[in-house]
Structure formats: structure tokens, C-alpha cells
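Tertiary structure, described
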Amino acid sequence: MTQLERQGWDVVVVGAGGAGLRAAIEAREQGARTAVICKSLFGKAHTVMAEGGIAASMGNVNSGDNWQVHFRDTLRGGKFLNQWRMAELHAREAPDRVWELETWGALFDRTPDGKISQRNFGGHEYPRLAHVGDRTGLELIRTLQQKIVSLQQEDFHEFGDYEARLKVFQECTVTRVLKTVSDSGSAAGEDRVAGTFCYERESGRFFVLEAPAVVLATGGIGKSFKVTSNSWEYTGDGHALALLAGAPLLNMEFVQFHPTGMVWPPSVKGILVTESVRGDGGVLRNSDGKRFMFDYIPDIFKEKYAQTEEEGDRWYEDPDNNRRPPELLPRDEVARAINSEVKAGRGSPHGGVFLDVSTRMPAETIRRRLPSMYHQFKELADVDITAEAMEVGPTCHYVMGGVAVDSDTAATRDVPGLYAAGEVAGGMHGSNRLGGNSLSDLLVFGRRAGLHAAQYAIAAGEGTARPRPDSAQVDAAAAEALRPFSAEGPEPGEPDGRPPENPYTLHQELQQTMNDLVGIIRRAPEMEQALEKLAGLRVRAQRAGVEGHRQFNPGWHLALDLRNMLLVSECVARAALERTESRGGHTREDCPAMEREWRRVNLLCRLTDVSGGLAPAGPPQGLIALARETTEPIRPDLLGLFEKEELVKYLAEEELHG
Ligand code: FAD
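Residues numbered from 1 in each chain as written. Predicted model: local features only at pLDDT ≥ 70, side-chain atom pairs only at ≥ 80, totals over all residues. Heavy atoms only, no water.

With respect to topology, five strands assemble into an open sheet ordered β7-β3-β2-β11-β18, the strand pairing being parallel. A single partner strand is all that each edge strand has here, and the edge strands are β7 (166–170) and β18 (418–420). Strand after strand, the sheet turns through a mean of 20° between neighbouring axes, direction not considered. Inspection of the sheet shows strand β2 (residues 11–14) paired to strand β3 (residues 34–38) by four bridges, in the parallel sense. (Pairing = 2+ DSSP bridges. Helix = DSSP H or I, 4+ residues; strand = E, 2+ residues; numbered from the N terminus. Axes fitted to C-alpha atoms, helices over the stretch in contact; angles between N-to-C directions.)

Right, let's get into the environment of Asp237. The topology assignment puts Asp237 in helix α7 (residues 237–245). With 223 residues separating them in the primary sequence, Asp237 and Val14 have C-alpha atoms 9.8 Å apart. Here Asp237 is in contact with Lys39, Thr173, Thr218, Asp561 and Asn564, once residues within four sequence places are set aside. At 3.0 Å, the side chain of Asp237 and the side chain of Asn564 are in polar contact. (Contact = heavy atoms within 4.5 Å. Polar contact = N/O pair within 3.5 Å; in protein donor to acceptor, adjacent residues only side chain to side chain.)

Attention shifts here to the site of the ligand. Taken together, 40 residues form the shell around the ligand, and within it Ser40, Thr47, Gly52, Asp237 and Glu423 come nearest. Here a nitrogen atom of the ligand sits 3.1 Å away from a polar atom, N or O, in the main chain of Lys39. Ser40 places a side-chain nitrogen or oxygen 2.8 Å from an oxygen atom of the ligand. Starting from 1,000 Å² of accessible surface for the ligand in isolation, the protein chains cover 98%. At the level of elements, α1 (18–29), β3, α2 (46–49), β8 (172–181), β16 (390–399) and α13 (437–461) are the ones that each hand at least two residues to the shell around the ligand. It is α13 that provides the largest number of residues to the shell around the ligand, a total of four residues. (Near = heavy atom within 4 Å. Areas by Shrake-Rupley, 256 points an atom, 1.4 Å probe, with all protein chains shown as cover.)

On to the pattern of salt bridges. If you walk through the whole model with that rule in mind, you get 66 salt bridges. For Glu646, the salt bridge goes to Arg76, with nearest N and O atoms at 2.6 Å. Of the two residues, Glu646 sits in helix α19 (residues 644–650) while Arg76 sits in helix α3 (residues 67–77), which places them 570 residues apart along the sequence. When sorted by exposure, Glu646 lands in the same class as Arg76, which is buried. Note that Asp155 and Arg165 form a salt bridge whose closest N and O atoms lie 2.7 Å from each other. Residue Asp155 is located in helix α5 (residues 136–159), and its partner Arg165 is located in the loop between α5 and β7; the two are separated by 10 residues in the primary sequence. What emerges from the salt-bridge pattern is a single network uniting Arg85, Glu88, Arg92, Asp408, Arg635 and Asp637. (Salt bridge = Lys/Arg side-chain N within 4 Å of Asp/Glu carboxyl O. Buried < 20%, exposed > 50% of the residue type's maximum accessible area, 1.4 Å probe, protein only.)

This next bit is on the environment of Gly219. Mapped onto the secondary structure, Gly219 falls in the loop between β11 (213–216) and α7. The class of Gly219 is buried, set by a relative accessible area of 10%. For the pair Gly219 and Gly238, spaced 19 residues apart in sequence, the C-alpha to C-alpha distance is 7.3 Å.

Here it is, written out as C-alpha cells:
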């Protein structure tokens, strides 16, 4: 039996980005003793990298904005596959969450009359993104951290211990959500959450955080793809932890390829070029110098976008009497257009297109409004964006698919006590996320997850014995985590003496597979090939071996992350093969139309083998089973916010006349 430290908490929040911190603040304010655990340094999460801003219909720059318009834009962006109740809550609550940040000390850029300034972004009808230059995420995280410190100071005054009710475990990774069968047999003896199995990255020490409620706030999956704007933490851990605990994932085929990542030099390929560049007036041109986006306005958006450059340019000064330029179409449209231009031989020298802001704004304005972009290009590519165009191309950026959750409470399905919020949760953004809608999502649903997890945990602690993970589970989790140190032995049925696999090689092959075969444009035979390759990688990953010891050993950490990336990649490939249409972030060359019948279909992924890849390699057909589920009908008053002619483009016949 593994002897290790166990600590008891009410709520464990896995992840310290915007969603995790907001959840933790709420849980602590509800009176729950809350632990936050993150695998990076505290303060280093994807949220910090968010540049453009946070979408909230405050109406500060255009008073025509309100939650209903934001809701409409979000559903259009998601091609009506959004979990509509989430989109409603998000649009209604986002302004309060932004104002709340200000009361906690955030300092947003201002309008001339002193209100929080809001900028334009793709798919948003009005200027809606509250921002701090192009460093909004940094301010958001700084503010949430400051709030956490203030709560810890309160606790010090009350209990003489800063960490009495809110403690951060940084540079620690969760590898398993632990469960138990309740003693009381409540809820028909269902398995419920009992805590998390964790290791400290620096020392390799194992420990268990016991708690009746766990909130997953681990972000996305981008590191399964070769070209990505995401950093090393985005290995789909929360998605995999949910699957392994028995909770399903929703619509994993929807992965967002941001249209503008850096394409040169190779070492920085994929790093994000914020959409604010286009929101502030930047234009896309091909190698002929043509502003090609005018050729790519799809029928469903024709009435809303300028048809000429002159009209598009006038919109920046007079948005009420002109239509917006097509550079500000939703991201999926722009990414596909760039892909087509490059494929047609009209790309830039390094395989992208040109994004030019230098001819559109004075150098001084560029440096003020886009300081990070100015430095990023100067330092990484030796390009001065105030004098020359940037070269950009699509990069894997965000996953719309995620853990299936209840819209109001963020509770996952089938696993009492497990919650998910932020990028790891699915449903909110449908088939495509609008820029700026993630930061607001983190705050709205982070708060909700913290609230409901705390209420659940406090209720769980009353009367009956608190759930405790049994030793067998803890031992199994420890054995799983140690496996890469003894990987050289032959697997049953395999020839003796096979060398261990290098986790870095496996990771590179996985990234190449997903990039080439399940990337921005998809075809059935390629996805079938991807599934075969993933099955092969899964077998080899069983032998992913590392040398050395448990003290800070990045190869070991990667070997453990591989389990998660492989599971999640199989979900993406399997769901993408199943959905025989093109919608939002999912583009099928062999099924190019958006089919109204598919609007009613959610695809759920579940694990067939809950040992979760501990068994040698799982069955050859893979570890993931797909199920179709009919989407919930959209509430009539919300449908009433759209013109009938528009709904006809999206909804199935029976929905229109039902
Ligand atoms: P994150 O902020 O990534 O936090 C995840 C946390 O989980 C981290 O603390 C990580 O260490 C931890 N973690 C992960 N796995 C484990 C594990 N196994 N154990 C313990 N801890 C774990 N969105 C917008 O709305 N506006 C923007 O302007 C914008 N710009 C962006 C720019 C860039 C470059 C990128 C990459 C994204 C941008 N996005 C933007 C998207 C947005 O930033 C993310 O979707 C969002 O920050 C995700 O927040 P999160 O709280 O869900 O996860």
C-alpha cells in the first residue's frame, strides 16, 4: 500500500487560469475550504496570454448593445449548436462579471468619457471587448490573484493562518480524479467524487487531496496539434480526467483554428497574432496584394458584411451606416479563406498570407494599441509591424468540445461532485467560439461552478461520512504514474528486450498525425488513417519510458501527459469522422455543406475501458465509444430574438414548425 500525505478539503479546483481562480474565489466565499492546484507556476496559465479582450454587452461604445444582441452573435458564431442556456447565461451575466473585476481592482482601458472601453472583434455586432491594450488576460489573472490574496488575509485575521480556507498548490499535477461508493448508499450507491491524486513536479512526491467536490478548470487540448498557439500545459488533462472518472465529453470534433498565427521563423510557428489587429483596422492581403476576404463572405453572412473595400473602411468611423469588413467574419470563415488562398498559390513566402496594419494606422497608434504584437514581431521575427506586413496563417487555438455539463450548475454528468468550467467544458460555444467569449465564459461559469461545487460539498459534509478514496484506487494511481520508470520490460506477447519508447518522439508523431489528418480541412479516409495511427501510438505509449528519477523530470511528465493527449485525440478524430457535415470549426472537404439535420445532434464520447489505458492498449477499435444525442429545443422566447428567414438557414424543419 502506498503511504502518502492526504489532506482534506471541501472543494478542489484543478487549474488556476481564469475559470479556476474565479471558481475558487466563489467556493471560498460560500464558506467552503478550497484548494487550488495547478501544474504551472501560479499566475502562468493560458488566461495570461489572452490579448484581445473580454466580451460583455456593456454598451459603452455603442448603446445599441445588450445581452440579447450578444446572445444572437454567439449563436450565429456557433452555428446554432451552442447549448443555448449557457449562451443565455453567458450573455446576461458577462457585464456583471466585468464590473465585478473592476471592484476587485482591474484597470481597463477607458473611453474618452471615462467608461470601460470596448473594441471590435470578429462576429460581434458592436464593439464589445473590454480590454487592457493587448494584455487583457494578464490584468484578469492579476486581479483574481489579488482577490485571492485579500481572502487569505481575511483568513489570517480570523484563524491566524493564511491558508486556512484557501490554499494554492502550484507546480503540482493531478493525474486522477478519485471516487468512492458512498457508505450511506445515497443516490443508489452511485460512485461519487472523493478527491484527486496529485504529484509535485519538482520533487515527484505523490499526495492526495480528499474532497467531495472537484472542479476541473484545466483549459484546452492544443498540444495534440503541431502548429498551435497553446503552451505546454494544454494537454487535455481535464478532458481525460473527466472521461476516466466516467463523465462524457461533448462535440469534440469542434476545434478552432485561429486564422492568424505566426508562420515564420519556424521556431515560433503558431504563436498567436491577436484578432485585435483586424479589429483595429488590419487587413488581409494575398501575394497579389488583393484584399481577398471579400471573395469569401458566405451566404448566411452576406447581408451583414461590406461588399466593397470602401464600405468596409468607412465602417471603422461610421458603424451605424456601413457594414463591417469581412476580415471580421467569425474565425472559422477567415481561417478557411486563408487556407484556400495559400493552397491556390497566392500565399506569402513562408506559406501564410499578409496581415497589414502598417498602412492603416500611424506607427505611434500601433505601438500604443498593440504593444505586445509590436514586440512579439520585433523580437521573434525581426519584423517592424509599424512599417511592414506580418505573415500569418491558421493555428490550432481553442477547443469548443469539452466535458458535458449542466448549463446552470456546471455539474458533469454521471459523476456526482465533479464540475467543469472554462475551456475544458463543452457546449457554450457550439461549433465555433467568438473571440473574447472565452474570458467572459471563464468568469461566468467559473463563478457558477465554484458556487455549486461549494453548495454540494457543504451538503455532502453534513450528516453522512465524507467520501474517502479507498487505498486500492490510490495504489493504482501511484502505479500508473510510476509506470514510465519501468517501461523497458516486454509486454505480454511481444518479443523480449524491446526498448522503451521515447515520449518526445511519440508526442511529435501524435502532433503530426493530428495536424495532417484531423486538421483544418478533414476527409474521411484521412481520419480513418488517423484513428489507426492513434491506436498504434497508444500501444507504443504503454512502453513510454524515462530515465533518471522523480525530481523535476520533464520526460516523465510528458510520458504521463501522453495518456491524456491520446485519449482526447481519439475523441476528436472519432467525432470528426462521425459528423458528416461542415459546421464552424469542423470542415469536411467530402461533406462541405452545413446540414440542418445535424444541428439537432450532439456527439458524446465515453470511455469503453475505464481502466483508462492502464490495460495494455485497449481494444483495437479504440477506447472511445460515440453516442448521438438530440439537442434540447431552443426556448421560444430566445428563438424569437431572430428573424424567421435567418432561422430557416439553421434549424431543421420540425424545429421551425414545432
Ligand atoms: P487556463 O487559463 O489555461 O488554465 C488552465 C490551468 O489548468 C493552468 O493553471 C494549468 O496549469 C492547469 N492544469 C492543466 N492541467 C492540469 C493538471 N493535470 N493538474 C493540475 N493543473 C492543471 N480568449 C478571449 O476571450 N479573449 C482573448 O483575447 C483571448 N486571447 C488568447 C490568446 C492566446 C495566445 C491564447 C492561447 C488564448 C486566448 N484566448 C482568448 C482563449 C483563452 O485565453 C482561453 O480559452 C482561456 O484562458 C482558458 O482559461 P481556463 O481557465 O479554462 O484555462
